[in-house]
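# Understanding the architecture of this molecule
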Amino acid sequence: MRQILSYRDAVVLLGGDSALTGALDKASALALFGLGGIDLFDARAEAVRLGDGFIRGLRDRVKGLSRYDRTQRLTAAHTVIVVVAYLEVLDEADVLRELTPEDQRRITGTSRVGPYLIDFPMPAPTPQHAYEDVRHDLAGHYRALTDALFDFLPGLARWDTWDETTRTRLAADLPARALRRYDELFRRLVAGFPEVACWSDLVNHRATRAEVRRLARGLEGLHDQLATIVSARHPSDRLAALIQANAAALKRPIVASADAPPGMTIPALGEGYVNPGFRVLLPEMRHLVASEETWAALPRRNDLDAFLSGHLTLPQAARGPLLVLGQPGAGKSLLTRVLAARLPAAEFLPLRVELRGVPADSDVLAQIEHGIKDALDEAMSWPELVHAARGALPVVMLDGFDELLQATGVNQTDYLERVAEFQRDQAEKGRALAVVVTSRTAVADRARVPGTSMVLRLEPFDEPQVRHWVDLWNDANRGYFLPRELEPLSARSVLAVPNLAGQPLLLLMLALYDADANALRLVHEDLHESELYERLLRGFAAREVGKTARGLTEADLSRAVEDELLRLSVTAFAMFNRGLQWVGEHDLDADLRALLPEAQEPPRPHGFRRALTRADGVIGRFFFVHATQALREEERLKTYEFLHATFGEYLVARLVVRELADLAEELALARSRNRPAKPDEAYLHALLSFAALTGRGPIVGFLRYGLTHLVPEDRRALLLRHLCGLFALSLMARPGSAFDGYQPVAAEATVRCAAYSANLLLLAVLSSDAPLPGTDLFAIGQPEQANERWRRIARLWHSQLTRAEWDSLMNTVRVRHFLDDGTRRMEVSLDRGQPFDLHDLVFFTWPGTIPERYPYELLAHGGALAPWMREISFRDDSVLGNLFLDVLPYAQEIDTNLNAHPQSPVTDLLTIVLSPEPKLATYQQALSRGPSWNYIDRVLRQLETDCHRLPGHVVLDLLRVAAVRWSGPGRLERILGHLAHRLDVGAEDYREVHDLIERKAQDSPGIRPPLQV
């Protein structure tokens, strides 16, 4: 009996021992079985026909294959073994015996079997999918193929020779046997070609590999896996400098700009780079790239080296850019440096292109060629570079896409699509390349991700990775610690600061901070975050001051440090008041001149060097401030950003607290001298009249701590009274001031009034130890006038603040209305999660309008109703309160979700219950989308009343919809009973619905999810 083409046959016919790379030199592997009506038993001859030309001189041609051609042929060979596995077990099961040529032509050409064998895409292992998932997909493919085959076999004579048991067993066994055979063939492919092992997590014991990868460093695993690929390829001597420079990066410090004390060692990149964890977003989910919920739901992985080696040895790498996201300080640029150094030069040609150094408005090709010139110190065109690579796959790393966006402000929404288009164009010209693009996570939604691209997000270090990093740091610096009688860096101390320990660059900052007398060990566990940031910032500022001003007295050093922190705080406000996480150099320079007009200008340099701007002089030397750059029309543009947003948030709060503390001191001095005081608050107004402080939650916490601990209680009482006075006058016209030139954004006068008054409200509330009465807040004697002024200013905030600012203000400041001896009063306080009482809302707090009896009581601790009650109280809005009371019975009896939208369940139910005529479309929508058991029950109760007014077939249709979701005692049967003797109801339709209802379990009330209609 002739046998079908096997894996062994293919290897022998095409050159023996691992010759699968040449299987498809002239045609796709699918062509082995892809000729319509081909004799299944003649597959061997077809393979010989395709392979004859290649077998002659095979080994020389294997050596000549480029990295990309080899990759294509290996993936095609994988497709072959998917098909071969099934055909082999089909032959072993004797299914093909006695099939005539006509039968075979019908199977492969006219039935569904042919498409499943030759046309459908075959599941294949990839690093973004677990091998078990690939096997699951293959099992489904084999089951579908078997179903198609067994749909056709009953028409053949062979079918009649099997009994029912044999047929059932074959249908069940064939897919499982084919899958086992595929596993065998795939392992043989892995044994012959090392890069195939990179495609999946099949190789070696997975638990062991996972643990090793958790503690891997420097992408060593990637180099070890790819170095096993045997290649006689040698790049051109013209690329030697590039290859050497890439390799030399492993010996350079992780961070060149880190301000390490003399004698301290910054670990080298090859030793000190700890492979980070990551998550992968597949192309079909690319539209959710900015959704934190989506990222959180994806599994965290710790096998970055394996993922990258698999990705770069598959065709997917040349079809679209791999987008790598991460927070500032996450190590995105370090990853490109390590990757460039670790990729074997015989198979890959890495080229790093720092986008900060290329013209931002040029096309992708020009940017790459600019990067080539920077790397080689000579001009070379892109085609020349590919030719010089001699078959190695170029891996272009476009590092810092976010810098193009931030520094230039140029719209680059199609940048990634242009990169993918460049890859497609070059592949068609025989110059395939892989591309990696790095960017900050915050700007990920400012560019469209191509359908061929995956997105990889670097994750903060977990505890084992932090401990591993600390061990590497301590090993590198034992010679520094011992002579100075310092303890090594404590992992426990580092882990006590989780917000900073997770990012590599911030972790380095903590290590440098601890190098000064083990300062981090002195941080006790209950230390407030404000104190920690204060110590960190003062420590680094003192070090910077000490470099240029030695021998200062303690008082002078303290003043100099405070000046440094003041300038950093102005930088933080420059970002905050613009609503950004970064600020451009020119904008920051303007802010510094407006807010610190007497500050010393930076010295002018000699020669042709560009003069330093104030922005450069202020923060250019703090390595925890990240500077981005880009070129536009030969001008180098800079932006600045804190490595962690909390640094900026703390500095904003710090400056505000110190301004308030100074105000309090002036007030106390005036009182001690029995003189009137009116401290100048123009500086405070300049800072606080552009954005609401509540928009950043950490700022509120820092303010609260600072006011409580830095302003004594007696002075805080004076400050509170002063803040209330400022608040009462905050909407009045203001005289000009020396700080009118501070204009971070163009804002209307109403917006500035709203922002300043909202910030004064917050500061007054934070300065008060008890709820603040409205009469005190407005410095007014009559509660009714305070109530009215509150309603007016609340409406100003609602109209002039952004939606996010308005929501944050309502969620931070709690407003309560109440009756006191027949007088309606209000008070404000910091929201600490107290429940909302229905009786504190409007109508219940108006004198003379309290109802004697109200059927509902409500004390909302949270949930869907609390935001309604919060906003009604904050706005003191009688219209909104009236509406809320009107729909409260629905919320209490039916469903608490009152959010309005075009297809609101509330509207549907009210329409059904109140309309004079039943509305079919409303019934259908309500039954399909009803949110709760009570809701559906109430709709069905009304349908029971309305069914005699609706055509019989309409009621039956509604019952069909209801039966899908509803499970309750007797309701559907009673409605159906009303139709039993109606002439407009057909007996067959009635019986169908009756049987459908009977099949439902009537003894367990419940509701299924809404239908998608």
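The present account deals with the structure reproduced in this document. The shown structure was predicted, so the numbers you read here are calculated from the model rather than taken from an experiment.

### Section: the sheet that holds strand β4 (residues 393-399)
Taken in spatial order, the six strands make up an open sheet running β1-β6-β2-β5-β4-β3, and their pairing is mixed. A single partner strand is all that each edge strand has here, and the edge strands are β1 (278-281) and β3 (348-354). Each neighbouring strand pair of the sheet contributes to a mean axis angle of 20°, computed without reference to strand direction. Sheet analysis places strand β2 (residues 322-326) next to strand β5 (residues 434-440), joined by five bridges and oriented parallel.

### Considerations on the sheet that holds strand β12 (residues 823-830)
Either a parallel or an antiparallel arrangement is found when strands of a sheet pair, and the pairing is made through backbone hydrogen bonds. The three strands are arranged β10-β12-β11 in an open sheet whose pairing can be described as antiparallel. Lying at the two open borders of the sheet, with one neighbouring strand each, are β10 (772-773) and β11 (813-820).

### Digging into the pattern of salt bridges
Here the structure, examined in full by the defined rule, presents 52 salt bridges. As a salt-bridge pair, Asp462 and Arg300 come within 3.7 Å of each other at their nearest N and O atoms. Note that Asp462 is positioned in the loop between β6 (455-458) and α21 (463-476) and Arg300 in the loop between α14 (292-297) and α15 (304-312), a separation of 162 residues in sequence. On the accessibility criterion, Arg300 (28% relative accessible area) is partly exposed. Two residues, Arg337 and Glu354, come together in a salt bridge whose shortest N-O distance is 3.6 Å. Of this pair, Arg337 sits in helix α16 (residues 332-342) while Glu354 sits in strand β3, and the two are 17 residues apart along the sequence. A relative accessible area of 29% places Arg337 in the partly exposed class. A single network of salt bridges, built from pairs that share partners, joins Glu534, Arg538, Glu562, Arg654 and Arg658.

### Considering the nonpolar core
Core analysis: the biggest nonpolar cluster contains 162 residues, and Trp469, Trp473, Leu703, Leu761, Trp790, Trp797 and Val828 have the highest contact counts within it. Examining the composition of this core, we find that twelve residues originate from one element, helix α30 (residues 645-672), more than from any other. Beyond its immediate stretch of four places on either side in the chain, Val828 contacts Leu761, Val765, Pro771, Leu772, Leu777, Trp790, Val813, Arg814 and Val815. Of all hydrophobic cores here, the second largest spans 45 residues; its members include Leu885, Val887, Leu888 and Cys947.

### A closer look at the environment of Leu710
Within the secondary structure, Leu710 is located in helix α32 (residues 697-710). Sequence-wise, Leu710 and Val657 are 53 residues apart; in three dimensions their C-alpha atoms are separated by 7.9 Å. Apart from residues no more than four positions distant in its own chain, Leu710 is found in contact with Val657 and Arg658.

### Some details on the packing of aromatic side chains
Per the counting criterion, the structure on display carries 23 aromatic pairs. Consider the rings of Tyr182 and Phe186, whose centres lie 5.8 Å apart with planes at 15°: the pair is stacked. With Tyr182 and Phe186 both in helix α8 (residues 164-192) and four residues apart, this pair spans about one turn of that helix. In this structure Tyr182 comes out as buried when scored by relative accessible area, which is 0%. In textbook terms, an aromatic cluster arises when at least three aromatic residues are bridged by ring pairs, as seen for Phe727, Phe778, Trp790, Trp797, Trp806 and Phe874.

### A word on the pairing of β12
With seven of eight residues buried, β12 lies mostly within the body of the structure. The pairing of β10 with β12 spans two bridges and is antiparallel. Paired with Leu772 across the two strands is Val828, which belongs to β12. Both β11 and β12 contribute to a ladder of eight bridges, which runs antiparallel. Among the inter-strand pairings, Arg814 is bridged to a residue of β12, identified as Ser829.

Definitions and limits used
Residues numbered from 1 in each chain as written. Predicted model: local features only at pLDDT ≥ 70, side-chain atom pairs only at ≥ 80, totals over all residues. Heavy atoms only, no water. Pairing = 2+ DSSP bridges. Helix = DSSP H or I, 4+ residues; strand = E, 2+ residues; numbered from the N terminus. Axes fitted to C-alpha atoms, helices over the stretch in contact; angles between N-to-C directions. Salt bridge = Lys/Arg side-chain N within 4 Å of Asp/Glu carboxyl O. Buried < 20%, exposed > 50% of the residue type's maximum accessible area, 1.4 Å probe, protein only. Core = buried A, V, L, I, M, F, W, Y, C linked by side-chain atoms within 4.5 Å. Contact = heavy atoms within 4.5 Å. Phe/Tyr/Trp six-rings, centres within 6.5 Å; stacked < 30°, edge-to-face > 60°.

Just geometry here; none of it tells us what the structure is for.
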